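# Results of the structural survey
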Amino acid sequence: MEWSRLYPGFFDESTGKMTKDVTIADVGCGFGGLLIDLSPAFPDNLILGMEIRVQVTHYVEDRIIALRQKHIDTNGYQNINVLRGNAMKFLPNFFQKSQLEKMFFCFPDPHFKQRKHKARIITNTLLSEYAYVLKEGGIIYTITDVKDLHDWMVKHLDEHPLFERLDEEFEKNDECVKIMYNSTEEGKKVERNKGDKFLKCFRRLPDPK
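Nothing here was measured: the structure is a model prediction, and the numbers come from that model.

A few words now on the overall build of the chain. If you tally the helices and strands in the chain, you get eight helices and nine strands. Taken against the 2.2 N^0.38 rule, which gives 17 Å for 209 residues, the C-alpha radius of gyration of the chain at 17 Å falls within 12% of a compact globule. Based on the C-alpha atoms only, the size of the chain along its principal axes is roughly 50 × 50 × 35 Å. The 209 residues of the chain split such that 51% are buried. Carbon and sulfur atoms form 50% of the exposed surface of the chain, whose accessible area is close to 11200 Å². Side chains of the chain give 31 positive and 32 negative charges; the mean places of these two sets differ by 5 Å.

It is worth spelling out the UniProt feature "active site" (unreviewed entry) in the chain at this point. Sequence positions flagged by UniProt for "active site" (unreviewed entry) are, in local numbering, Asp109. As for its position among the elements, aspartate 109 is in the loop between strand E6 (100–106) and helix H4 (124–133). Of the residues examined, aspartate 109 reaches a relative accessible area of 48% and is grouped as partly exposed. A polar atom in the side chain of aspartate 109 sits 3.0 Å from the backbone nitrogen of histidine 111.

Quick look at the sheet that holds strand E5 (residues 80–84) now. Spatial strand order, E5-E4-E3-E6-E7-E9-E8: seven strands in an open sheet with mixed pairing. On the outer flanks of this sheet lie E5 and strand E8 (163–165), each paired with one strand and no other. Sheet twist, expressed as the mean angle between neighbouring strand axes with direction ignored, is 20°. The pairing of strand E3 (residues 22–27) with E6 spans three bridges and is parallel. Bridging from a neighbouring strand, alanine 25 pairs with methionine 103 of E6. Relative to the sheet, helix H1 (residues 33–41) contacts E3, strand E4 (46–51), E5 and E6, its axis offset from that of E4 by approximately 180°.

Our focus in this paragraph is the environment of histidine 160. Secondary-structure assignment places histidine 160 in the loop between helix H5 (147–159) and E8. When its relative accessible area of 8% is taken as the criterion, histidine 160 is described as buried. Residues histidine 160 and leucine 127 lie 33 residues apart in sequence; the distance between their C-alpha atoms is 7.5 Å. Discounting residues that sit within four places of it in the chain, histidine 160 has contacts with Asn124, Leu127 and Ser128. A distance of 3.1 Å separates the side chain of histidine 160 from the backbone nitrogen of leucine 162, its partner in a polar contact.

The element E3 is extensively covered by neighbouring structure, given that six of its six residues are classed as buried. Crossover connection from E3 via H1 to parallel E4: handedness right-handed.

What counts and what doesn't
Residues numbered from 1 in each chain as written. Predicted model: local features only at pLDDT ≥ 70, side-chain atom pairs only at ≥ 80, totals over all residues. Heavy atoms only, no water. Helix = DSSP H or I, 4+ residues; strand = E, 2+ residues; numbered from the N terminus. Rg over C-alpha atoms; globule rule 2.2 N^0.38 Å. Buried < 20%, exposed > 50% of the residue type's maximum accessible area, 1.4 Å probe, protein only. Areas by Shrake-Rupley, 256 points an atom, 1.4 Å probe, with all protein chains shown as cover. Lys, Arg positive; Asp, Glu negative; His and termini not counted. Charge placed at Lys NZ, Arg CZ, Asp CG, Glu CD. UniProt positions renumbered as here; feature names shortened; annotations may be inferred. Polar contact = N/O pair within 3.5 Å; in protein donor to acceptor, adjacent residues only side chain to side chain. Pairing = 2+ DSSP bridges. Axes fitted to C-alpha atoms, helices over the stretch in contact; angles between N-to-C directions. Contact = heavy atoms within 4.5 Å. Right-handed = clockwise from strand over helix to strand, strands pointing away.

Given below as structure tokens:
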């Protein structure tokens, strides 16, 4: 994967290598609200949004370019970018083993019909891929306004041997939870409609010996 095009501010021309790797991924990043709020909160991390819809990806690209130009004096927003890609099919093509520290799944498609459940972003098979790219101690963040989907995600994460559920104390004090709860466009829409948000976080456990 050629990252210098996405993060030119972190490319060292003298060595021809990146000075940092991507360590935070927002899977299904939508219109980029979470990326933009995470950027100043984690200036030392490279943050990637993955989005499957072409037009939405273009919109987020334009949004990031505009922010970079607006904050050119401070080199702001150089640490975020978006990539059009299907994380359910190609995630290990982009990340090495144990590369990521955090993965976000914010308001994913609920795929309500029973026969479409296999298309949900959290399944046993996919969780093993997420465990592969997450380092030990890395965190998966999930949030949705659909109770059935929340229960599905929690059930599958609870059952997977490489993840453990984090308690409410963690969620109450974690900076990413606060940002995620209010930053996405979907989350703001739920807020306007006075809907509920269901949130849960899980930690990547060490590999069994």
